[in-house]
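Listed below, chain by chain, are the residues.
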Amino acid sequence: MSDVLTQLSTVLEARKAADPDSSYVASLHAKGLNKILEKVGEECTETLIAAKDAERSGKTDEVIYETADLWFHTLVMLSRFGLGPDDILEELGRRFDLSGLDEKAAR
Ligand SMILES: N=c1c2ncn([C@@H]3O[C@H](COP(=O)(O)OP(=O)(O)OP(=O)(O)O)[C@@H](O)[C@H]3O)c2ncn1[C@@H]1O[C@H](COP(=O)(O)O)[C@@H](O)[C@H]1O
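As recorded in an unreviewed UniProt entry, the protein goes by the name Phosphoribosyl-ATP pyrophosphatase, listed as coming from Marinobacter zhanjiangensis. The annotation that UniProt attaches to the protein under Subcellular location (unreviewed entry) is "Cytoplasm". Quoted verbatim from the Sequence similarities (unreviewed entry) field of the UniProt record, the comment on the protein reads "Belongs to the PRA-PH family."

So, in C-alpha cells, the structure goes:
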C-alpha cells in the first residue's frame, strides 16, 4: 500500500476520537454516518461532472482533484467501520488473482 494511504488511514483512525471543533474528520464523525455518506455522494457527483468536463476540454486537473476528495471521504466512511485501504486493496488483489490476468501479463 502507498505511504500516503498508510499515513492517512492512521490519521483518520485517530480523528475518530478527536475534538470536532479542531478537526474536519472528527466533525464528520460527530455529525454521524448520514453526513459522511452525504459527502461521499456529493464528491461522487462532483467527480462525474469533472469527468464529463474533461471529455469536452481535454483538461484532467479537476478529475484528479475531485477523485481525491471522493477517495478521501470514502476512506472516512471505511474508518467508521474499522476498515482501511488495505482491506479494499486485498479484495482487488483477490479478484486480480482469480482472473489469472497476472499470469497472462507475465507472458
Ligand atoms: N485529505 C484531506 C481532505 N481532502 C478533502 N478534505 C476536506 O473535505 C472537504 C470537501 O468538501 P467540499 O468540497 O464540499 O468543501 P466544504 O464546503 O468545505 O465542505 P462542507 O462544509 O460542505 O462539509 C473540505 O472541507 C476539505 O478541506 C480533507 N480534509 C482533510 N484531509 C486529510 O485528513 C487529515 C485529517 O484532517 P483534520 O480532521 O481536518 O485534521 C489531514 O491531515 C489531511 O491530510
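Draft legend 1. The arrangement of the packing of aromatic side chains in detail. Using the criterion set out here, one finds 1 aromatic pair in the structure. The interplanar angle of 25° and the centroid separation of 6.4 Å between the aromatic rings of Y24 and F72 together place this pair among those described as stacked. Taken together, the positions of Y24 in helix α2 (residues 24-31) and F72 in helix α4 (residues 61-80) put the pair 48 residues apart, joining distant regions of the chain. On the basis of relative accessible area, Y24 is assigned to the partly exposed category, the value being 42%.

Draft legend 2. Structural view of the nonpolar core. Among the nonpolar cores identified, the biggest contains 8 residues, and these are L5, L12, V25, L28, I36, L75, V76 and L78. Taken together, the elements giving at least two residues each to this core come down to α1 (3-15), α2 and α4. Among residues more than four places away in sequence, those in contact with I36 are L28, H29, H73, V76, M77 and R80.

Draft legend 3. Broad picture of the site of the ligand. The immediate surroundings of the ligand are formed by L8, V11, R15, S23, Y24, V25, K39, E42, E43, D69, F72 and H73. Computed on the free molecule, the ligand has an accessible area of 830 Å², of which 52% lies beneath the protein chains in the complex. Among the secondary structure elements, those contributing two or more residues to the shell around the ligand are α1, α2, α3 (33-57) and α4. Class assignment of the residues belonging to the shell around the ligand gives a composition of 5 nonpolar, 2 polar and 5 charged.

Draft legend 4. Fine view of the side chain of T47. Relative to the helices and strands, T47 is located in helix α3. Owing to a relative accessible area of 12%, T47 belongs among the buried residues under this scheme. Dropping the residues within four chain positions of it, T47 is found in contact with E66, T67 and L70.

Draft legend 5. Region of interest: the layout of surface pockets. Approximately 210 Å³ is the volume found for the largest pocket. Broken down by secondary-structure element, the contributors of at least two residues to the lining of the largest pocket are α4 and α5 (85-99). Counting residues per element, the lining of the largest pocket draws most heavily on α4, which supplies 5 residues. A per-class count over the lining of the largest pocket returns 9 nonpolar, 1 polar and no charged.

Here is what the cut-offs are and how they apply
- Residues numbered from 1 in each chain as written.
- Predicted model: local features only at pLDDT ≥ 70, side-chain atom pairs only at ≥ 80, totals over all residues.
- Heavy atoms only, no water.
- UniProt positions renumbered as here; feature names shortened; annotations may be inferred.
- Phe/Tyr/Trp six-rings, centres within 6.5 Å; stacked < 30°, edge-to-face > 60°.
- Helix = DSSP H or I, 4+ residues; strand = E, 2+ residues; numbered from the N terminus.
- Buried < 20%, exposed > 50% of the residue type's maximum accessible area, 1.4 Å probe, protein only.
- Core = buried A, V, L, I, M, F, W, Y, C linked by side-chain atoms within 4.5 Å.
- Contact = heavy atoms within 4.5 Å.
- Near = heavy atom within 4 Å.
- Areas by Shrake-Rupley, 256 points an atom, 1.4 Å probe, with all protein chains shown as cover.
- Nonpolar A, V, L, I, M, F, W, Y, C, P; charged D, E, K, R; others polar.
- 1 Å grid on protein atoms, 1.4 Å probe; cavity = no way out; pocket = protein on both sides within 12 Å on 5 of 7 lines; lining within 4 Å.
- Points joined across faces, edges and corners; volume = space filled by probe spheres on them.

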